[in-house]
Amino acid sequence: LNDLMENEKPYLDKHYCLNNLCDDLDVNRRKITYILNKVLDTNFYWFINDYRTQQAIKYLQNKGDTYSIEAIAGLSGFKSRSCFYSWFRLFTGITPKDYLIKQQTAELPVESAEKNL
């Protein structure tokens, strides 16, 4: 599951859904849901948006001055700016704009953000 995400990066497709994941892995929906819920202690949306948020963080760290935040949201697989802001804030505790400001003023470590639950 993680190999697919890291190597193929299907989460970059803003229309990627659980059915696509099942097809990509050739595993039925019930089994994928079980793995996500019971083994990884998450659900599809948290799982996929974690990867999207990590991708957005990479863009903000490396190309934050090249792309707009809206462009970074789209390049990272988010359907809309509002969806991106909501998930980003859930995962990092701050907005993408604040993250970019803090990163540019060296107030943030370069390491990846963890879920902020």
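Look up a bit, the structure's there.
It is worth spelling out the overall build of the chain at this point. Counting its secondary structure elements, the chain contains 7 helices and 0 strands. Traced from its N-terminal end to its C-terminal end, the chain shows the element sequence α-α-α-α-α-α-α. Taken over the C-alpha trace, the chain has a radius of gyration of 15 Å; the compact-globule value for 117 residues is 13 Å, and the two agree within 12%. For the chain, contacts bridging at least 24 residues in sequence account for 55% of all contacts bridging at least 6. As presented, the chain carries roughly 7,200 Å² of accessible surface, and 46% of it is formed by carbon and sulfur atoms. Of the side chains in the chain, 15 bear a positive and 15 a negative charge, and the two mean positions are spaced by 6 Å.

A separate point is the pattern of salt bridges. Two side chains that carry opposite charge are able to pair once their charged atoms sit near each other. Counted according to the given criterion, the structure contains 1 salt bridge. Between glutamate 70 and arginine 81 there is a salt bridge whose closest N-O contact spans 2.5 Å. On the criterion of sequence distance, the pair formed by glutamate 70 in helix α5 (residues 69-75) and arginine 81 in helix α6 (residues 81-92) is long-range, its members being 11 residues apart. By relative accessible area, glutamate 70 is classed as partly exposed at 41%. A relative accessible area of 44% means that arginine 81 is categorised as partly exposed.

Counting 17 residues, the largest nonpolar core has Leu60, Ile72, Phe78, Phe84, Trp87, Phe88 and Tyr99 as the members making the most contacts within it. Those elements giving two or more residues to this core turn out to be α4 (44-63), α5, α6 and α7 (96-104). Excluding anything up to four places from it in sequence, leucine 60 contacts Ile72, Phe88, Pro96, Tyr99, Leu100 and Gln103.

Now for α6. Since the α-helix packs 3.6 residues into each turn, any two residues three or four apart lie on the same face. When the terminal C-alpha atoms of α6 are compared, their 16 Å separation across 12 residues agrees well with the 16 Å that a helix rising 1.5 Å per residue should span. Among the residues making up α6, those that are buried are Phe84, Tyr85, Trp87, Phe88, Phe91 and Thr92. Glycine 93, located one to two residues past α6, shows a positive phi value of around 90 degrees.

What counts, and at which threshold
Residue indices follow the written sequence of each chain, beginning from 1 at its first position. Predicted model: local features are reported for residues with pLDDT of at least 70 only, side-chain atom pairs are reported and counted for 80 or more only, and whole-chain, interface and lining totals are derived from all residues. Based on all heavy atoms of the structure, the side-chain values leave hydrogens and waters out of the count. Segments assigned H or I by DSSP are reported as helices when at least four residues long, segments assigned E as strands when at least two residues long, and all are numbered from the N terminus. The quantity called the radius of gyration is restricted to C-alpha atoms. Its globule counterpart is 2.2 Å times the number of residues to the power 0.38. Contacts are assigned to residue pairs that have any heavy atoms within 4.5 Å of one another. The method behind every accessible area is Shrake-Rupley, applied with a 1.4 Å probe, and residues are considered shielded solely by the protein chains displayed. Neither His nor the chain ends is counted toward charge; the positive residues are Lys and Arg and the negative residues Asp and Glu. A charge is said to be at NZ when it belongs to Lys, at CZ for Arg, at CG for Asp and at CD for Glu. Salt bridges are defined by distance alone: a side-chain nitrogen of Lys or Arg within 4 Å of a carboxyl oxygen of Asp or Glu. Exposure categories follow from relative accessible area, calculated using a 1.4 Å probe and restricted to protein chains: below 20% of the type maximum is buried, above 50% is exposed, and the middle band is partly exposed. Each nonpolar core is a collection of buried residues, namely Ala, Val, Leu, Ile, Met, Phe, Trp, Tyr and Cys, held together in the definition by side-chain atoms within 4.5 Å. Here the expected span of a helix is defined as 1.5 Å times the quantity of residues minus one.

So far we have only geometry, and geometry alone does not tell us how the molecule works.
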